[in-house]
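One-letter residues, chain by chain:
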Amino acid sequence: MAGKTSPWSNDATLQHVLMSDWSVSFTSLYNLLKTKLCPYFYVCTYQFTVLFRAAGLAGSDLITALISPTTRGLREAMRNEGIEFSLPLIKESGHKKETASGTSLGYGEEQAISDEDEEESFSWLEEMGVQDKIKKPDILSIKLRKEKHEVQMDHRPESVVLVKGINTFTLLNFLINSKSLVATSGPQAGLPPTLLSPVAFRGATMQMLKARSVNVKTQALSGYRDQFSLEITGPIMPHSLHSLTMLLKSSQSGSFSAVLYPHEPTAVFNICLQMDKVLDMEVVHKELTNCGLHPNTLEQLSQIPLLGKSSLRNVVLRDYIYNWRS
């Protein structure tokens, strides 16, 4: 579909049909997530990726959506749509997490706080008696400095955005109606974003990961021994990785090693989310019984993530004991 001939790239009617069908599929997936018949899914655009997770996964009692990477323009557009979100990796003074929402502090209140901070930072000059000789930065300078800081984190892991609860539905509508979601040039021109899910949904097609096995001879103390490797490429989702480890653990008598190459912009999805309460895992597993995951995989994915901004790079199992490196 990324060939030289892309009939949809210049056909507005065809693009409208594709987008209409995509919107139905996206809404179908979200409804499955809300009813806990789908554990999670990805929306992969040409600029950013969104991970929607069902309530109960990653230790959260609400539906969550993580977006990475983001830009100031995208965050402003979300604010204008009234979507409440936070930037989990950006901390403000007072050790408070930065939040941005349609119902946040008004401009006057924000400016008052900013002015107070500036007054405090210049109070020591008054004590020295030289405050009149130093020019204070004006409001415009302060605003430009803030904007520069926001732009500097664009496209970086720190720009990851977290949306929770009912705001994820507002995000759904925002993404469906967003004009910038579809590329206007390049191999993806005119194509809606890709939806990836571990379960079937309306309009979905099943895709296979590519696998290649290799058998090589390696030198050992008593001559040569066979060494087998399996190379798997494609969008390997978390449940697939866990299923593979369970399969290899059983088939390889408790010993194997794996090297992993993640999609770097999505590594930040492993951050630990701030939780309002500790969940009863027994209740969580019971509610998500029909989500399509193996019970062991569900148990793993419902735990609070510990990897932070990094992801698994190397996994080694020796005598049924795991070691890993991120």
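Residues numbered from 1 in each chain as written. Predicted model: local features only at pLDDT ≥ 70, side-chain atom pairs only at ≥ 80, totals over all residues. Heavy atoms only, no water.

- The name recorded for the protein chain in an unreviewed UniProt entry is DNA replication fork stabilization factor DONSON, from Gorilla gorilla gorilla.
- Under the UniProt heading Sequence similarities (unreviewed entry), the note attached to the protein chain is "Belongs to the DONSON family." (UniProt positions renumbered as here; feature names shortened; annotations may be inferred.)

1. Concerning the environment of Leu307
So, step 1. In this structure, Leu307 sits in the loop between helix H8 (295–301) and strand S11 (314–318).
So, step 2. C-alpha separation for the pair Leu307 and Ile271, spaced 36 residues apart in sequence, amounts to 6.4 Å.
So, step 3. If we skip the residues at most four places from it in the chain, Leu307 touches Asn270, Leu312, Trp324 and Ser326. (Helix = DSSP H or I, 4+ residues; strand = E, 2+ residues; numbered from the N terminus. Contact = heavy atoms within 4.5 Å.)

2. With respect to the confidence of the model for the protein chain
So, step 1. The predicted model of the protein chain averages 81 in pLDDT, with 79% of residues at 70 or higher.
So, step 2. Mean pLDDT values for the elements of the protein chain range from 42 in strand S5 (residues 97–100) up to 96 in strand S2 (residues 49–53).
So, step 3. Segment residues 92–120: pLDDT under 50, and 33 contacts once partners within four positions in sequence are set aside and those in other chains are kept. (pLDDT = per-residue confidence, 0-100.)

3. So, the packing of aromatic side chains
So, step 1. Tallying each qualifying case throughout the model produces eight aromatic pairs.
So, step 2. Centroid distance Tyr40 to Tyr42: 5.9 Å. Interplanar angle 85°. Geometry classified as edge-to-face. The same class applies to Tyr40 as to Tyr42, namely buried.
So, step 3. Taking the centre distance of 6.3 Å and the plane angle of 80° together, the rings of Phe256 and Tyr322 count as edge-to-face. (Phe/Tyr/Trp six-rings, centres within 6.5 Å; stacked < 30°, edge-to-face > 60°. Buried < 20%, exposed > 50% of the residue type's maximum accessible area, 1.4 Å probe, protein only.)

4. Observations concerning the sheet that holds S11
So, step 1. Within the open sheet, the three strands sit side by side as S10-S11-S12. Their pairing is antiparallel. Every interior strand has two partners, whereas the edge strands, strand S10 (256–259) and strand S12 (321–325), have only one. Strand-to-strand twist of the sheet, defined as the mean angle between neighbouring strand axes without regard to direction, takes the value 10°.
So, step 2. Direction of pairing for S10 relative to S11: antiparallel, over a ladder of four bridges. (Pairing = 2+ DSSP bridges. Axes fitted to C-alpha atoms, helices over the stretch in contact; angles between N-to-C directions.)

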